[in-house]
Amino acid sequence: MFKRSSRLLPMLLLLLTVFGPISMDLYLPVLPALTAELGAATSMAQLTVTACLIGLALGQLVAGPLSDRFGRARPLYVGVVAYVATSLLCAVSPSIETLIAARLVQGLAGGVGIVIAQAAGRDLYSGGELIRYYGRMTVLGGLAAIVGPLLGGQLARSTDWRGLFVFLAVIGALILVLVATGYRETLPPAGRTAGGFAQIGRDFRTLLADRVFTGAVLLQGFVNAALFAYLAGATYVLQGIYGLSPQQYALAFGLNSAGFMVFGYLAGRTSERWSVGGTLAAGLVMCAAGALGLLAAGVWALPLAVVVVSLLVMVSGVAVTTPPATTLALAGYPRLAGTASSLLGMARFAFGGVAAPFVGLAGAASMLPLGIVTVVSVALAAASCALIFRRRTCTARPYPVTEIELAGTAAK
């Protein structure tokens, strides 16, 4: 096992996970002002969110294999520097088209930090430590989702949308300083892959031939589709249909994010002490209960309390599935941790990006599409879970799933 090089390194790796949530959420409070200043249509302004989401997915898909071949440090430096530069480009964008392009590249750069954080964690940890690490990643991602919109709203009192992108550039610069002073390469040369694009293709095929890995990736993709459907539709449901004020909506959003944090932490602990498979199943049951509650509220116009509780249970269920599914996907491939992380991260963002637009098909006056999208997503996630826990172990995986559950030890 490659030893931790400093006490700062684990915290620094966890800090890299904020790139995605804060890039997505910080400027949302000023999106209407941005739309007006650039003279853009609302649909064009919303593409700045979509572009960042696509970039976050593609950035992980590219950076993961490169980090397996060249080490984690070089892609990480390139990603953080590019994030700072593109955040500044967003701040000076003269048109909505330029901003959309800059947001795409900003997402690409931000995806590097996310995939390196996952892969480097696999370099450093195994067994129970690995599960706890992914639990902490889940908690920090939930915290960033809470802080991002609130911080953006506070900053909007003293600056415009361009100033918020400058703020993102400052955050990137601070992380660059921390990387330069506290990061030490976690993947030694002996553990790196060799070969060019052909080898990367073979690595992808190796991973996708493993039904445990593929099942974990699909499961995470589908539960995150339900999560992104919530993010896309909750504001219309809670404010437009149930009449919540922006402040009340912020409280509801904060409650769900707090649930995500708390249950993500608990999932890391229960996966280690109880069962990876049992924790995963519990998370899926929570997701299903919440999604069915939303569907019922869409069909029968149930009270607000039912909707709020259903959202909380579903979002918390997504958090419960994350540490065990991530561990199942990455634990068996220490030499391909970057490539494996890239597929896992790509599925989370790409599936979410595909699901989110379906929430608005019936307009802002109906929550039925939100219920349908979340129920279908969770059903597909449950079907994916069957790939993981079939009796026969796939020969591509170097150890059975139960080794994680019973022995708490990952393959070296």
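The rules behind each value
Residues numbered from 1 in each chain as written. Predicted model: local features only at pLDDT ≥ 70, side-chain atom pairs only at ≥ 80, totals over all residues. Heavy atoms only, no water. Helix = DSSP H or I, 4+ residues; strand = E, 2+ residues; numbered from the N terminus. Buried < 20%, exposed > 50% of the residue type's maximum accessible area, 1.4 Å probe, protein only. Contact = heavy atoms within 4.5 Å. Areas by Shrake-Rupley, 256 points an atom, 1.4 Å probe, with all protein chains shown as cover. Axes fitted to C-alpha atoms, helices over the stretch in contact; angles between N-to-C directions. Parallel < 35°, antiparallel > 145°, perpendicular 65-115°, else oblique. Left-handed = near helix turned anticlockwise from the far one by under 90°. Nonpolar A, V, L, I, M, F, W, Y, C, P; charged D, E, K, R; others polar. Phe/Tyr/Trp six-rings, centres within 6.5 Å; stacked < 30°, edge-to-face > 60°. pLDDT = per-residue confidence, 0-100. Expected span 1.5 Å × (residues − 1). Polar contact = N/O pair within 3.5 Å; in protein donor to acceptor, adjacent residues only side chain to side chain. Salt bridge = Lys/Arg side-chain N within 4 Å of Asp/Glu carboxyl O. Patch = residues over 30% accessible without salt bridge, like charges linked within 9 Å, V, L, I, M, F, W, Y side chains within 5 Å.

This paragraph deals with the overall build of the protein chain. Within the protein chain one finds 16 helices and zero strands. Considering the protein chain as a whole, with its 412 residues, one finds that 56% of them fall into the buried category. At a minimum sequence separation of 6, the contacts of the protein chain that also span at least 24 residues come to 86%. Carbon and sulfur atoms form 71% of the exposed surface of the protein chain, whose accessible area is close to 16,200 Å².

It is the contact of helix H13 (residues 304-330) with helix H14 (residues 337-355), at a shortest axis distance of 9 Å, that shows an interaxial angle of 140°. When the interaxial angle is binned, H13 and H14 end up oblique. Considering only the axes of H13 and H14, their crossing is right-handed. For the pair H13 and H14, contact is made by Thr322, Thr326, Ala329 and Leu330 and by Ala337, Ala340, Ser341, Leu344 and Arg348, respectively. Here the contact of H13 with H14 is composed, by residue class, of five nonpolar, three polar and one charged.

Another aspect to go through is the packing of helix H12 (residues 276-300) against helix H15 (residues 368-388). Between H12 and H15, the shortest axis-to-axis distance is 8 Å and the interhelical angle comes to 155°. As the angle between them shows, H12 and H15 are arranged roughly antiparallel. Between H12 and H15 lies a crossing whose hand is left-handed. Counting all contacts with H12, which are made through Leu280, Leu284, Cys287, Ala288, Ala291, Leu292, Leu294, Leu295, Gly298 and Val299, the residues of H15 involved are Leu368, Leu370, Gly371, Ile372, Thr374, Val375, Val378, Ala381, Ala382, Cys385 and Ile388. Taken together, the residues of the contact of H12 with H15 sort by class into 18 nonpolar, three polar and no charged.

On to the packing of aromatic side chains. Under the counting rule described, the total for this entry stands at five aromatic pairs. With 5.6 Å between their ring centres and 65° between their planes, Tyr133 and Tyr134 make a pair best called edge-to-face. No difference in accessibility class separates Tyr133 from Tyr134, as the two residues are buried. A ring pair is formed by Trp161 and Phe165, whose centres lie 6.1 Å apart and whose planes are at 85°; its orientation type is edge-to-face. Taken together, the positions of Trp161 and Phe165, both in helix H8 (residues 161-182) and four residues apart, correspond to about one turn of that helix. Assigned by exposure class, Trp161 and Phe165 land together as buried. A connected cluster of aromatic rings, assembled from ring pairs, spans Tyr125, Tyr133 and Tyr134.

Let's shift gears to the confidence of the model for the protein chain. Do not read the fine detail of predicted coordinates wherever pLDDT is low. In the predicted model, the protein chain carries a mean pLDDT of 82, and 89% of its residues have values of at least 70. Element-level pLDDT for the protein chain is lowest in helix H16 (residues 402-407), with a mean of 42, against a maximum mean of 94 in helix H5 (residues 73-91). Here residues 391-412 is a poorly scored stretch, pLDDT under 50, and it has 55 contacts once near neighbours within four places are set aside; other chains count.

Here we come to unusual backbone geometry. Its identity is not glycine, yet Ala301 carries a phi of approximately 50°, on the positive side. Take Ala301: it is sitting in the loop between H12 and H13. Assessed through its relative accessible area of 64%, Ala301 is described here as exposed.

Here we take up H8. Between the first and last C-alpha of H8 there are 31 Å, a value that for 22 residues agrees with the 32 Å anticipated at 1.5 Å per step. Buried within H8 are the following residues: Trp161, Gly163, Leu164, Phe165, Leu168, Ala169, Ile171, Gly172, Ile175, Val179 and Gly182. Put simply, Asp160 is the residue that caps the front of H8, since its side-chain oxygen is 3.2 Å from the backbone nitrogen of Arg162.

Moving on to the pattern of salt bridges. Counted by the stated rule, this structure contains four salt bridges. Here Arg162 makes a salt bridge to Glu37, at a shortest N to O gap of 3.2 Å. Of this pair, Arg162 sits in helix H8 while Glu37 sits in helix H3 (residues 31-37); the two residues are 125 residues apart in sequence, bridging distant segments of the chain. Between Asp68 and Arg72 there is a salt bridge, with the nearest N and O atoms lying 2.9 Å from each other. Residue classification places Asp68 among the buried positions, given a relative accessible area of 0%. The buried category is assigned to Arg72, whose relative accessible area is 0%. Taken together, the shared-partner salt bridges connect Asp68, Arg72 and Asp123 into one network.

As for its position among the elements, Leu284 is in helix H12. Here the alpha-carbon distance between Leu284 and Val318, two residues 34 residues apart in the chain, equals 7.5 Å.

Where nonpolar side chains cluster on the molecular surface, the patch consists of Val299, Trp300, Leu368, Ile372, Val376 and Leu380 and spans about 550 Å² of accessible area. Going through the elements one at a time, H12 and H15 are the ones with two or more residues in the nonpolar patch. Here the element with the most residues in the nonpolar patch is H15; it accounts for four residues. Relative to the elements of secondary structure, Trp300 occurs in helix H12.

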